[in-house]
Amino acid sequence: MASQVCAAIDVGSYEIAMKIYEIGSKKGIRELDHVRVGVDLGSESYATGRLSANRVSEIIRILREFDREMKTWGVTVVRACGTSALRESENVDMILERIEKSTGIKIELLSNSEQRFLDYKATALKSDLFEKIISKPSAIVDIGGGSIQISLFDDDRLVTTQNLKLGVLRIHEMLQTLGAGTLRYGALVAELVGAQLSVFSRMYLSDRRIKNVILVDDYVSPLMQNPRILTDSGFLVEGGDVPDKGHVSAAGFIHFIDHVHDESRGKNAEKLGVSYENLPLVYISGLIIKCIAKEMGAEDLWAPGVTLCDGIAWEYAEKKGALGKHHDFEKDIIASAYNISTRFRGNKKRSELIGDLAVRIFDAMKPVHGLDERERLLLRIAAILHDCGKYISMINLGETSYSIIMGSEIIGLSHRERQTVAAAVRYIYTKVPPPDSLDRVVEQFDDRMRLTLIKLTAMLRVATGLDRSHLKKFKKAVFTLEGDELYITANTIEDTTLESGLFDDRAGFFEEVFGVRPIIRRKDAK
Amino acid sequence: MTDTGKRKKKTAAPDIHDPSYYANRELSWIAFDERCLYEARDEENPLFERIKFLSITASNLDEFFMVRVASLKDMVNAGYKKRDIAGMTAGEQLEAVENKLHSFVEEQYSTWNDILLPRLGKEGLAFVKNDGDLSESEKDFVDRYFDEFVYPVLTPMAVDSSRPFPLIRNKTINIGALVTKKGGDGEIEFATVQVPGVINRVIELPDGGEGRRFMLLEDMILRGMPKLFLNYDIVCCGAYRVGRNADLSIDEDEAEDLLKEIEKQLKLRQWGQAIRLEVVEDIDDRLLKHIKGELEVADSEIYRIDGPLDLTFLMKLYSLPGFEGYKESRYISGQPVPALKDLDQQDIFARIREGDILMHHPYETFDPVVRFVERAAVDDSVLAIKQTLYRVSGNSPIIAALERAAERGKQVSVLVELKARFDEEHNIVWAKRLEHAGCHVIYGLVGLKTHCKITLVVRREEDQIRRYVHLGTGNYNDSTAKLYTDVGLFTCAEDYGEDATAVFNMLSGYSEPLVWNKLALAPLWLKDRVISLIRRETANAAMGLPARIIAKMNSLCHEEVIAELYEASRKGVKIDLIVRGICCLRAGIPGVSENITVRSIVGNFLEHSRIFYFENAGNPELYLSSADWMPRNLERRVEIMFPVEKEMGKEKLIHILKTELADTEKARILEPDNSYRSIRGDSASRVDSQRIFGDEAAAAAVSEDREKTRVFEPMTSPVG
């Protein structure tokens, strides 16, 4: 791949940032430029649910300036993403259209999980340290303006991720509403964060101790990246080592935050090189981190210094094959699906089996279905979660599974992908509604997405139909596509009467969708 | 604080902020101009160089009046009570400065009248003033010259109740006269005429076989006064010149369009308060009284001049053809930079890729810097050029190259500092020109002057995008680069490139970068960096590790930095300072600065580079900077300090510093009493650093040639 120059733009809640990268197969990915302009979109959008025309003009002005900077580097690929401030504006469609018309830049709205996943990708791909750090129990704490995302790792795999509505700007606004002086911030933040954290801790941590906290944020991370601040601003604990760039012990961090608390605002601003108005936000971020580190019993903090722009670029590089061997994110998504299944008392072995059967059907049907690898992953996720709703009700399995999936965050899936998974699971059990009614469930789906949903549903129905008895009789089944028939050869000595007998209904739907009739054949295993 | 109190403190640990340990910056500046005047008086300098130095003292003084004296007067008028670094109020400073200046001006004119004029006479060069000095044929010439060229551009103005006193423009020479109407009632009226700036002030008379003879324009006009006031009798007349407060006061926060605001203020500069009145010594008292009254100047502001007003005309004399033999020829400049020879055949970018290149101007030519921008403008691989410009030459090839680059579709961003003092008008003109060509022009930053000198070229190359950076201590001005000593660095090292990108992002109004790799920037980080470097030496000295500072700059007057240097000296750090101009640090005070030496070099070239050496416990670090250690540089300007890390570059800088520390010819040592002492010794041990650098540059260029030509050339038949 010849090297390409790409711009990644993040229209965030309090800043619009652009990074420019050179991406090539030989040298991987190289950051060339980073520009940032502070613009407070969040306050307006969170408070009023809209962005005013003036604010939009400001975004347009900044993006035009960015365009000049892009010319400096000969940028050929641009990806711009918007996050919560845009997401939470009712008039976002009009805003995005106006911006695109004026600047030619199309801003893509990211769901929370997509945004966090990009942050996560940047963290995982940008530094070789990542794999080493997550080999010990670790958590990524991604602090945004409106919320915090906490993701936990188990055995090198990301297993769960939760969003707490406790972003820095949100907490700052709450504190201002309370009229609290900065001296009381410590106690109030501990109270606010503590309540939600203890729930999180009970539900997801139980008695697990998290050794490493990986930090993604805009206020504290830059300080931890600055060697001068690391040595001069209270991070040094007596008897402790001078911290490496980005690394601080939890004790050192707590020492630092207490130090900030004791100094005057002016002195802190000067020492930390932070503007006067941003200082409370730095302090609040620090307090949040302190609470989390304490709650988790963390020993070390690592701030890799990544931003959403990095995530955008690394994802692009990954797609273009510009990265060498790297962390397998698909496995994370699968691991977190298993984790959800386990939480709702799913049977892991059965989930594995259904997942396995589903992708084998997918692979056998490749010449027919026209779906891609990403959709294969969605199918696997849906198969793993195919019966999670039974935790609530065994009768309305479709509805309850749908609700659980929609209510759980699966890092790495976009909102629409999650909807696809949830709806596909739902329609294993209930009739696929006619197009009009389907529209209400997946209202923003286009034709291809709707078709994908139906195809996945058809395959899922066949896969689950092959294990009616839950006895794993089709574990070694072989799927062969011959003309317009899909032969499912069960290599088993078990009786498959139940599966075969009740198969017609599922096979019918499958045939309707693909024009291929699935047929069960039995070959006794030796 | 009582004296005894002070003494008690001194015996313990001295209070390093005690004003008695600091020199007043205005008086220190006058001492600098005195050092320039010594050069005019120095018998060892060629005659025309001495004339040039005298002219420099005069132009320096003009600026000093317009800015520094004006500002002291403003402070006095505003009732500003705060004491300066040396413990003086504005009033005390003004008084001391005016006293000094009167005697300084006397010394300037005694240098002219008693030394230089007779020496010129000996060489057959004379200035004629009065009718009596002119031969008949010269009188004819002067009459004709006056009638044809001078008279048409003169605008005599009479002042009476219906015609108010006209605007007397800053720094112009004027002739004032008292006149009475012929056949009138004898009432005396005042009239004035400006000596026009559009005609050469130095007029050479036709060769009459008596050597070269010159007349000054104002003397010619004085002679022609009756022709200007035909209906009047001239009672008396005489030349005068006014200096005005020329500090621009711009409220940048309020100014919507900085460019327009500066244009407006420039017009107002002509109307600034009069703060100096120069008059010819024999001016009629009545005439003086009239002028003084109209301009509202105090007696202390009047300078009676024994000779021609405004000695800057001597620079014109210096540049007249035919006097080459009286000029300096021992100093060599403009030699090729060995690593960048034969630039026409060389790809400058390829050369920079081979390794960093450090240049010492003017000994080594400034051409590569111009060529760098010119080449970038036409190179197809170049995507963008970004540059800061503070002062550029009249017909700048750099500006032309930037225009060309923009026209060729490259992304060109230029920060043009509109607030560069006395260059504002000039800068507005070519800022508009650049904009017209399609460059993105930034007119400086609100509240800060951008003084750093940096150029960034972004180039898409086969293997990757590469950044080429030039960083320097001097302006991108190809004319002054022939006269000023400066150091510049070419590099394409990634960490410098990243920082250079960050500098231009900041200048474009983007948020500051999260970290800097190599560069330290004022006003945010540079002062702290300088202080921490000094403190490191102090701490090393306290631990018994090698500690030393050598710092070369134009001016040193930042109190906090000086206090740190005192502290370092007290801990035993050996500090050698090479400060050409103002120095508020006092050297050799027991217990405070006895480990500090200060020398000033005023030579053929204007010392302008800023080089800093820190011993760092045996691992010396060297830095270059656009900034002096002055409050304005460290706190109110965008400046850059950058390290030179490659061994060859470091050696070159150490050699420069060591040679200058050994200088005996042009260096003067600051004594504890604030005077500067010459250290010129016997001829055997004399060191002239500027000559050495020139000779070395020439030798390096030759040896490079030799290396290159060590190829055997086969003889071929001439008729072949």
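Glancing now at the overall build of chain B. Looking only at helices and strands, chain B features 20 helices and 27 strands. Over its C-alpha atoms chain B spans a radius of gyration of 28 Å, differing by no more than 12% from the 27 Å that the globule rule assigns to 720 residues. Buried residues in chain B amount to 43% of all 720 residues.

Segmenting chain A into domains produces domain 1 (4–110), domain 2 (128–303) and domain 3 (329–472). Here domain 1 of chain A and domain 3 of chain A have C-alpha centroids that lie 34 Å from each other.

All names here are of chain A. With mixed pairing, five strands are arranged side by side in an open sheet as β3-β2-β1-β4-β5. The open sheet has two edge strands with one neighbour each: β3 (28–38) and β5 (107–109). On average, each strand axis in the sheet is inclined to that of its neighbour by 25°, with strand direction left out of account. As paired elements, strand β1 (residues 4–11) and strand β4 (residues 77–82) share six bridges and run parallel to each other. Note on β4: the bridge partner recorded for Val-11 is Gly-82.

With that settled, the discussion passes to the pairing of strand β6 (residues 212–216) of chain B. Residue and element names in this part refer to chain B. Two elements, strand β1 (residues 125–128) and β6, share four bridges in a ladder whose sense is parallel. Across the sheet, Phe-127 pairs through a bridge with Phe-214, a residue of β6. The pairing of strand β5 (residues 202–204) with β6 spans three bridges and is antiparallel. Within β6, the position partnered with Ile-203 by the bridge is Met-215.

Core analysis: the largest hydrophobic core is formed by 345 residues, its most contacted members being A:Val213, A:Ile288, A:Ala382 and B:Leu402. When residues of this core are assigned to their parent elements, the largest contribution, twelve residues, is made by helix α3 (residues 47–77) of chain B.

Residue-level contacts link 15 residues of chain B with 19 residues of chain A. The set of elements that each furnish at least two residues to the side of chain B that touches chain A consists of β11 (382–389), β15 (453–460) and α15 (494–507) of chain B. When its residues are assigned to classes, the side of chain B that touches chain A shows eight nonpolar, six polar and one charged.

Residue and element names in this part refer to chain B. A large share of strand β17 (residues 484–491) lies buried, amounting to seven of its eight residues. In the sheet, strand β10 (residues 357–361) pairs with β17 via five bridges, with the strands oriented antiparallel. Across the sheet, the residue bridging to Ile-357 is Phe-490, located in β17. Note: β17 against strand β22 (residues 606–607), two bridges, orientation parallel. Bridge pairing in β22 links Tyr-484 to Leu-606.

So, about unusual backbone geometry. Residues and elements named next belong to chain B. Residue Pro-362 is reached from His-361 by a cis peptide bond, and omega for that bond is 0°. When you line up the elements, Pro-362 lands in the loop between β10 and α12 (367–378). Here the phi dihedral of Ala-617 falls at roughly 55°; this positive angle occurs in a residue that is not glycine. Structurally, Ala-617 can be placed in the loop between β23 (611–614) and β24 (621–625). Since 16 C-beta atoms lie within 10 Å of it, Ala-617 is described here as partly exposed.

All right, on to the sheet that holds strand β14 (residues 517–523) of chain A then. All names here are of chain A. Here three strands make up an open sheet; going across it, the order is β12-β13-β14 and the pairing mixed. Bordering the open sheet on either side are β12 (478–482) and β14, each of which pairs with just one other strand. For this sheet, the mean inter-axis angle between neighbouring strands, taken without regard to orientation, is 25°. Bridging between strand β13 (residues 485–491) and β14 involves seven bridges; their strand directions are parallel. Its bridge partner lying in β14, Leu-486 is registered against Pro-518.

Rules of the game
- Residues numbered from 1 in each chain as written.
- Chains lettered and ligands numbered in written order.
- Predicted model: local features only at pLDDT ≥ 70, side-chain atom pairs only at ≥ 80, totals over all residues.
- Helix = DSSP H or I, 4+ residues; strand = E, 2+ residues; numbered from the N terminus.
- Rg over C-alpha atoms; globule rule 2.2 N^0.38 Å.
- Buried ≥ 20, exposed ≤ 12 C-beta atoms within 10 Å, placed from the backbone.
- Domains from an automatic or database assignment.
- Pairing = 2+ DSSP bridges.
- Axes fitted to C-alpha atoms, helices over the stretch in contact; angles between N-to-C directions.
- Core = buried A, V, L, I, M, F, W, Y, C linked by C-beta atoms within 7 Å.
- Contact = placed C-beta atoms within 7 Å.
- Nonpolar A, V, L, I, M, F, W, Y, C, P; charged D, E, K, R; others polar.

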